[in-house]
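Residue strings, one per chain:
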Amino acid sequence: MRPVALLLILCGAQAPKDPKEKKAAELEVRSFQTLKDAQGRPLLTDWPVWAMDIENTAGRDLEITVRVDEESSRTRITRRESISRGARKRLFFYLPAGAGLSGGAPQYEIRDSAGQKLAGAQASPTHGGLEANAFQVALFSGDKSSSGAFGFPAQMGGLEVGVVRLTPATFPDRWIALSCLDAIILHDAPLDDLAPDQARALAEYVRAGGTAILSPGPDAAGLSHRVISAFVAIRAGTPMERTDLPALTSHFGKFRQADRFVFHRIENGKEIGWGREALQFECGYGLAVVLPYDVRRPPFDTWPGLEKLWESMLGRLPRRFTPETSATLPAVTTEAAINLFQSMALLINPYPSFLLLVALAVIFLIAVGPVNYLILRRLGMTILIVVTVPAISAVFLLLVFATGYILKGTTTVAYSARILSTRAGMDCARETQLFTLFSPSTRTYDVSIAPGTHGLPLDRALQVDRRYSRGDDSGGGNRLEGEDGATFTYKGVSVGQWQSWNLQARAFRDLGSGIHFEVTRAKLKITNLSALPIERGLFIETGPGGCASPFGEVAPGKSIEAPLDRTRRRPYEDLDIARESFAGRMLGPSLDPLVHEWRRTGDSENVRPARALLCLVKEEAPPIRADARLSGSSRSLTMLHVAEAAPK
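In this report, we go over the structure that sits alongside the text. (Residues numbered from 1 in each chain as written. Predicted model: local features only at pLDDT ≥ 70, side-chain atom pairs only at ≥ 80, totals over all residues. Heavy atoms only, no water.)

### Focus on the nonpolar core
Okay, so step 1: Within the largest apolar cluster, 86 residues are counted, with the highest numbers of intra-cluster contacts made by Ile110, Phe231, Val447 and Tyr490.
Okay, so step 2: The leading source of residues in this core is helix α4 (residues 196-207), at six residues.
Okay, so step 3: The contacts of Val447, once residues within four sequence positions are left out, are Phe435, Leu437, Phe488, Thr489, Tyr490, Val493, Trp501, Leu503, Ile624, Arg625 and Ala626. (Core = buried A, V, L, I, M, F, W, Y, C linked by side-chain atoms within 4.5 Å. Buried < 20%, exposed > 50% of the residue type's maximum accessible area, 1.4 Å probe, protein only. Helix = DSSP H or I, 4+ residues; strand = E, 2+ residues; numbered from the N terminus. Contact = heavy atoms within 4.5 Å.)

### Some thoughts on the packing of aromatic side chains
Okay, so step 1: A complete count under the given rule lists 20 aromatic pairs for this structure.
Okay, so step 2: Ring centres of Phe263 and Tyr293 lie 6.3 Å apart, and the angle between their planes is 25°; on these two criteria the pair is classed as stacked. Separated by 30 residues along the polypeptide, Phe263 in strand β14 (residues 261-263) and Tyr293 in the loop between β17 (286-290) and α7 (305-316) bring together distant segments of the chain.
Okay, so step 3: On the basis of relative accessibility, which here comes to 5%, the residue Phe263 falls in the buried class.
Okay, so step 4: Between Phe488 and Tyr490, the ring centres sit 5.1 Å apart and the planes meet at 80°, which makes this aromatic pair edge-to-face. (Phe/Tyr/Trp six-rings, centres within 6.5 Å; stacked < 30°, edge-to-face > 60°.)

### Topic: the pairing of strand β8 (residues 135-141)
Okay, so step 1: Burial of β8 is extensive: seven of the seven residues sit out of reach of the surface.
Okay, so step 2: Neither face of β8 is left uncovered, since the one carrying Phe135, Val137, Leu139 and Ser141 and the one carrying Gln136, Ala138 and Phe140 both have all their residues buried.
Okay, so step 3: As judged from the six bridges shared by β8 and strand β10 (residues 159-166), these two strands associate in the parallel manner. Residue pairing for β10: Phe135 is matched across the bridge by Val161. (Pairing = 2+ DSSP bridges.)

### Details of the pairing of strand β7 (residues 117-122)
Okay, so step 1: Relative to β7, strand β6 (residues 107-112) runs antiparallel, the two sharing five bridges. Note on β7: the bridge partner recorded for Glu109 is Gly120.
Okay, so step 2: Connecting β6 to the next strand, β7, in antiparallel fashion are four residues, including Gly115 with a positive phi near 90°.

### As for the environment of Ser141
Okay, so step 1: Following the sequence through the fold, Ser141 ends up in strand β8.
Okay, so step 2: A C-alpha to C-alpha distance of 8.3 Å links Ser141 and Arg165, two positions 24 residues apart in sequence.
Okay, so step 3: There is a polar contact of 2.9 Å between the side chain of Ser141 and the backbone nitrogen of Asp143.
Okay, so step 4: At a separation of 2.7 Å, a polar atom in the side chain of Ser141 contacts the side chain of His187. (Polar contact = N/O pair within 3.5 Å; in protein donor to acceptor, adjacent residues only side chain to side chain.)

Shown next, in the form of structure tokens:
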């Protein structure tokens, strides 16, 4: 019986697991999802974000490589991470290719340091999407009710309203991923659960031009939470109980019931049309709006006017795609960026200089003619002229090719124009950078982008801004591979011979206490309380009879006083740039219209002129780098535009 029993035991036992299956059990991916609205539609964004929660279930520390592929946009992102045994980690992946616009679904694969596969799967596909001008709103709330319970409208003025629910597990950790939102509603939000990077992303989103709408719970402590105070200072007084909000109900209808609710008295802020029952705070370029009551508690939960309140509020807020308008701001719209990239391309000359070609031609004529004849005549071998002429021609042909290759074929031309925009006294600036690579031969590049700067290839950016796209959602360009970590790197960017590759980058910069300027009748005072070293610049006043008065260097932490000449209108000469130079072409779209405007005559007494500083800033470490030997023809320019502070 023993052999039979042994056979039964062996037959009933499970076969030993494959080593790869054992590896797969060492890592568990708990979620892999992107931001979608309540109807499951992906947001319209040029930086789709995917959140992945992983847990190390192995009994050892792991060094992992996570690769995310998105085929519809032909994008691959790789990231390397360390995860301790038993630990959980949340990773965010940014797919800079319009992923999600065409219903594509990325797939991931995780391998350990030995190359063994630990996990892999494909996300659920997303279909359809919001229109380009739809309202996109995010809700971050401790209330677990569906977003529909908050009374948001489905449409506004014929435009869709897409509401995406954020949680601590899906809240992005970079402001660029939030820039597609018209507003983020923070309702009694679990702010303590946000990681430092997520809190910083929220603050930078608001200060860079976004809108945060705050609706606290019964406890007013949330209004002074460190996450909120990073972008707005709210002074909340002692809460009180109320049963009515006369200003709101007179606009949007009465409450159905006279329930008592907590009302937080806010001591600062600006009224926005409904008394102290809705307040607004300026935060850099953005806004914080405070509704000092809980919109999910009675009587608001049954109030028919809540939807009308959201409609009115969203209608008042600036849209996410509204550009800053200023007659003196170097244009950074998509159309203007295309024009500036074209201006960069016109500056690139793939041929050796004309004088060099003339010199080589003269040397060739002398060598193949008189010099060749005289040498052969002296040697008494003039009959060899039929051999030496072709030989000299061949040598010179090789010399021309070698000269052209050395001068133009071994180096890459890179042009970079950085435009920083701020207002007088503001503690931050928005930055747009236009970067182009012109390749002398068919080759690939690795382009690295510094932390805080987010660059998108121009052909892919046009897929998101549909006004300039080709009408398809293919993602544009070749397959794009990148590494995402402390810095973002585009790997293996393929550029054809005599072709260019354009990158448009955005960043948000802190300016300390900002840059201030005061204008008197005959003097201009500038105080630089930022870390930017200003080399020189112009004080510009628009309108007929305006001026472009120059000033000199303003070091960080220093102030200068410069004479104000209201008759001076020579911006190119005063900035010491030629119109056809790189700097001249980059500034031309801003300066040329002003020059024409100054020449006009007309009544400008009833028109308040716009005033601004246009500064050239000393170059610092470039935020975008390519692994190539750059030609001496490469150029870079950093401009700072300081608009006059808005009147209070």
